[in-house]
Amino acid sequence: MLKLRQAQKLGFMLACVLALTACQDQDPVPKPATPTGPIISEALTWAEVPGWNLDQAQEAWPALLSNCGAMAKKEVSWEAICQAAYSHPVTDSASARAFFEQFFTPYQLFGENLKPEGLLTGYYEPLLQGSFEPSDRFQYPIYRPPQDMLTIELAELFPELKDKRVRGRLVEGNRVIAYYDRATIDGPTQPLAGQEIVWVDNKEDLFFLHIQGSGRVQLPDGKVIGVAYANQNGLPYVAIGKRLQEWGKLQAGTINMFSIKQWIREHPDEADKLLNENPSYVFFSLRDNLDQGPVGSLGVPLTAGRSLAVDRKMISLGSLMWVDTTYPDTQQPLQRLMFAQDTGGAIKGELRGDFFFGTGQQAETWAGHMKQKMRLYLLKPKPLAPTPTPK
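Residues numbered from 1 in each chain as written. Predicted model: local features only at pLDDT ≥ 70, side-chain atom pairs only at ≥ 80, totals over all residues. Heavy atoms only, no water.

A.B. asks: Help me understand the nonpolar core, please; the structure alone is not making it clear to me.
C.D. replies: One recurring pattern in soluble globular proteins: nonpolar side chains tend to sit buried together. Residues Leu64, Phe99, Phe100, Phe104, Leu337 and Leu376 are the most contacted members of the largest nonpolar core, which totals 67 residues. Of the residues forming this core, the biggest block, 6 residues, is contributed by helix H2 (residues 61-71). Those residues in contact with Phe99, other than ones at most four positions away along the chain, are Trp61, Leu64, Ile81, Ala84 and Ala85. Counting residues in each nonpolar core, the second largest holds 13 residues, with Ile142, Leu209, Leu219 and Val227 among its members. (Core = buried A, V, L, I, M, F, W, Y, C linked by side-chain atoms within 4.5 Å. Buried < 20%, exposed > 50% of the residue type's maximum accessible area, 1.4 Å probe, protein only. Helix = DSSP H or I, 4+ residues; strand = E, 2+ residues; numbered from the N terminus. Contact = heavy atoms within 4.5 Å.)

A.B. asks: Honestly, the packing of aromatic side chains in this entry has me stumped. Any pointers?
C.D. replies: Each aromatic ring pair is summarised here by two numbers: the centre-to-centre distance and the angle between the ring planes. Applying the stated rule across the entire model yields 17 aromatic pairs. Geometrically, the ring pair formed by Phe99 and Phe103 is tilted, given 4.8 Å between the ring centres and 45° between the ring planes. Linking Phe99 with Phe103, this pair stays in helix H4 (residues 93-103), spanning 4 residues, or about one helical turn. Accessibility expressed as a relative area gives 7% for Phe99, which makes it buried. Owing to a relative accessible area of 18%, Phe103 belongs among the buried residues under this scheme. Ring plane angle 85° and centroid distance 6.5 Å describe the contact between Tyr179 and Phe283, whose orientation is recorded as edge-to-face. Remark: Phe283 occurs in strand S12 (residues 282-287) and Tyr179 occurs in the loop between strand S8 (175-178) and helix H5 (182-185); sequence separation between them is 104 residues. Here Phe283 falls in the buried class, since its relative accessible area comes to 0%. An aromatic cluster of at least three residues, connected via ring pairs, comprises Trp61, Trp78, Phe99, Phe100, Phe103 and Phe104. (Phe/Tyr/Trp six-rings, centres within 6.5 Å; stacked < 30°, edge-to-face > 60°.)

A.B. asks: Teacher, can you tell me more about the sheet that holds strand S5 (residues 140-143) here?
C.D. replies: The strands making up a sheet are joined through hydrogen bonds of the backbone, oriented either antiparallel or parallel. Spatial strand order, S5-S9-S4-S10-S11-S12: 6 strands in an open sheet with mixed pairing. A strand with exactly one partner marks an edge of an open sheet, and here the two such strands are S5 and S12. Pairs of neighbouring strands in the sheet enclose a mean axial angle of 45°, with direction left out of account. Where strand S10 (residues 214-218) meets strand S11 (residues 224-232), 5 bridges bridge the pair, whose relative direction is antiparallel. Residue pairing across strands places Gly215 opposite Val227, the latter belonging to S11. Contacts between helix H6 (residues 203-212) and the sheet are confined to strand S4 (127-131), S5, strand S9 (196-200), S10, S11 and S12, with S5 contributing the most and set at about 20° to the helix. (Pairing = 2+ DSSP bridges. Axes fitted to C-alpha atoms, helices over the stretch in contact; angles between N-to-C directions.)

A.B. asks: How should the pattern of salt bridges be read in this particular structure?
C.D. replies: Tallied over the entire structure, the rule returns 10 salt bridges. Here Arg306 ties to Asp55 by a salt bridge, and the two come within 3.0 Å at their closest N and O atoms. Of this pair, Arg306 sits in the loop between S12 and strand S13 (307-310) while Asp55 sits in the loop between strand S1 (39-40) and H2; the two residues are 251 residues apart in sequence, bridging distant segments of the chain. As far as the burial class goes, Arg306 and Asp55 line up, both buried. Of the charged contacts, one joins Glu125 and Arg216 as a salt bridge, the two residues approaching to 3.2 Å between their closest N and O atoms. You can see Glu125 sitting in strand S3 (residues 118-125) and its partner Arg216 sitting in strand S10, a full 91 residues away along the chain. (Salt bridge = Lys/Arg side-chain N within 4 Å of Asp/Glu carboxyl O.)

A.B. asks: Explain the environment of Ser316 to me, please; I cannot follow it from the model alone.
C.D. replies: Along the chain, Ser316 turns up in the loop between S13 and strand S14 (320-326). Ser316 gets classed as partly exposed once you look at its relative accessible area, which sits at 49%. C-alpha of Ser316 to C-alpha of Gln341: the two residues are 25 residues apart in sequence and 9.1 Å apart in space.

Below, the structure written as structure tokens:
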């Protein structure tokens, strides 16, 4: 067993890896920067929430009930909201709006220097073609979490690093080093051979499955199975679209999932170099229940069109949000209630969101093109009424 001082030193070294900084071998406890979070306005009236009366708010009810599966256990205010939601289900938009108006108060969120607009992207559940057996066609593996990957919880040594985890592997001399990057995992040495759960037939589709975090795979007999995010190698996410722009291959304003895929198809000799620019690698597990959406970071199934991925350092998971934006490449308003139920490696910042569109061709099209300005509102639960004191 490591002595306390050795454990502290190991924890510090791992914190350095986590922060991706060059740290000297010294003893002081690291003190990561504390994010400030978004600036919150004074309470608004519902008339000041843009588009509030236009949303089909009853369509958010399944997402609300899903949210209650996690939040009713965590917060007393949500427990009361969820009891009311279970007891009095709504069937029309007017009664749904009345419910939310009764239990929540809206506030607008601002970024640094009172910046009112942030960025909204989209994600979805892609459908890939695959097989449980490799072949000349199906040669690209989807891996389960590796058996040799260590996950170190830093909070036991440093409480200020709560929710911080480091992934690594043990090598000769009992040294812990960073886990394999994408280039190594997909390279000729195949360090994860034997830990495949299914093989697919398209390299770039597999890469974007890692970005989406969950998906579906159709087998040769027509059966469709689900694959869900299970873990990640601990290395930082790098946007390959940004790399293509830096290399002068694609112009700003033209970069989206479809233009990146097209570039990869047209430049097969450079595909691996581009994909390996993103060292982050996602591992999956099989998901049986395809009637529900994939499970997000909150631990509840996502609801198409009502679940939002956020930066959990800035916005608490489970929060009720109002999104004011437009559909991709249009001026058509997209204004609706959404629940912060997921996170993502690229979703960082006070006013940053990722809209879950669900599955299917339309979801793919919207998610692939979604890169819109948005205004974001937080709907806070109202304080509970004080319990009368018995006389």
